[in-house]
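Survey of secondary and tertiary structure
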Amino acid sequence: MGDFLDRAEAAVGDDGRLPLGAMPDWDVFPFERDGLQARPLTELADPEPDRRKAPADCRTCQALDTAPQVLHTGGRLAVVRPGATSLPFVANVVTREHVLLDDLDDAGHVELGRLVARTYAAVQALDGVGNVHITKWENGAGHFSMNVMARPRGVLQLRGSNLPVWADMLPDTPQDELDARAEAVRAALARGPRR
Ligand SMILES: [Zn+2]
């Protein structure tokens, strides 16, 4: 991928940074264009560092061992929630083992599709949720995790791919509200698939 970085470096301006793209003009972008600058490009990592880290420091493994954070336990997969969030609710569809998506077999893929859709529906059905966004970035420790993130209803500025950036700046949602929503999601997932 050296040619990818060569092409990127050719687009760098006199200040050593890529010019800003179109996103700062989006009305959902969290930052104003004035004063905003891209970080300088970094060196190519070849080979890349191993994405798999020890389970000892893995927050997903810790969540799976913490009953209030577990929303559903399936065959190969489970649904957990983080200890805190600034959004109305966040759930994570994760592997029960400390593995990557690369390690799931076909039956795991089938379970994943169903569980993502059911978790989406359960979170979307919560009071005060405008839309639900789903992403996969992993958790930084080599444990497969998909994020199912609820946007507060009517807060259109948070919609789309910048939702986690806004979430990083917003204050935490009260724990008792998150606990009540967790109960509702747990109950919806326990009811099984929609007929
Ligand atoms: Zn883990």
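Just so we're clear, the structure is a prediction, and the values are computed from it rather than from any experiment.

Let us look at the overall build of the protein. Scanning the protein for helices and strands turns up five helices and five strands. Each helix and strand of the protein, ordered N terminal to C terminal, gives the series α-α-β-β-β-α-β-β-α-α. The principal-axis extents of the C-alpha atoms in the protein amount to approximately 60 × 40 × 30 Å. Pairs at least 24 apart in sequence give 59% of the contacts found in the protein among residues at least 6 apart.

For the rest of this paragraph, the subject is the domain arrangement of the protein. Each assigned domain of the protein is listed here: domain 1 (1-49) and domain 2 (55-190). Look at where the C-alpha atoms of domain 1 and domain 2 centre, and you get two points 29 Å apart. The partner domain 2 presents eight residues to the seven residues of domain 1 that form the contact. Between domain 1 and domain 2 the total buried area reaches about 590 Å² when both faces are included, carbon and sulfur atoms providing 60% of it.

Under the definition given, this model contains one cavity of 30 Å³ or more. Here the largest cavity defines a volume of roughly 30 Å³. Lining the largest cavity are Arg81, Pro82, Ala84, Thr85, Phe89, Val90 and Leu178. In terms of residue class, the lining of the largest cavity is made up of five nonpolar, one polar and one charged.

Before going further, it helps to examine the coordination of the zinc ion. The protein atoms that coordinate the zinc ion are Cys58 (SG), Cys61 (SG), His98 (ND1) and His143 (ND1), at distances of 2.1 to 2.3 Å. In this structure, the zinc ion is coordinated by four donor atoms arranged in tetrahedral fashion, with angles at the metal of 106 to 117°. Donor residues binding the zinc ion come from one chain and are separated in sequence as C-x2-C-x36-H-x44-H. Of the two residues examined, Cys58 and Cys61, each falls in the buried class.

Calculation rules
- Once a new chain begins, its residue numbering starts again from 1 and follows that chain's sequence as written.
- It should be noted that, the model being predicted, local features are given only for residues of pLDDT at least 70 and side-chain atom pairs only at 80 or more, the latter also being counted only at that level, while totals for whole chains, interfaces and linings use all residues.
- Where side-chain values are given, they derive from all heavy atoms of the structure, hydrogens and water being excluded.
- Each helix corresponds to a stretch of at least 4 residues labelled H or I by DSSP, and each strand to a stretch of at least 2 residues labelled E; elements are numbered beginning at the N terminus.
- Throughout, a contact is declared for two residues whenever any of their heavy atoms are within 4.5 Å.
- Domain borders in the structure are assigned automatically or taken from a domain database.
- Two parts placed together each lose some accessible area; with a 1.4 Å probe, that loss summed over both constitutes the buried area.
- A cavity here means a set of 1 Å grid points, computed over protein atoms only, where a 1.4 Å probe fits but cannot escape. A pocket is an open set with protein on both sides within 12 Å along at least 5 of 7 lines, and lining residues have an atom within 4 Å of a point.
- Grid points are joined across faces, edges and corners, and a volume is the space filled by probe spheres set on the points.
- In this classification, Asp, Glu, Lys and Arg are treated as charged, Ala, Val, Leu, Ile, Met, Phe, Trp, Tyr, Cys and Pro as nonpolar, and every other residue, Gly included, as polar.
- The rule for donors is simple: an N, O or S atom within 2.8 Å of the metal counts, and for Na, K and Ca the reach is 3.2 Å. Water is not among the atoms, so a site may look short of donors.
- Each label reflects the angles at the metal, where four donors whose angles all fall between 85 and 135 degrees are tetrahedral, four or six donors whose opposite pairs open beyond 155 degrees and whose other angles stay between 65 and 115 are square planar or octahedral respectively, and the rest are irregular.
- Here's how the labels work: a residue is buried when its accessible area is under 20% of the maximum for its type, exposed when over 50%, partly exposed in between, all with a 1.4 Å probe on protein chains only.

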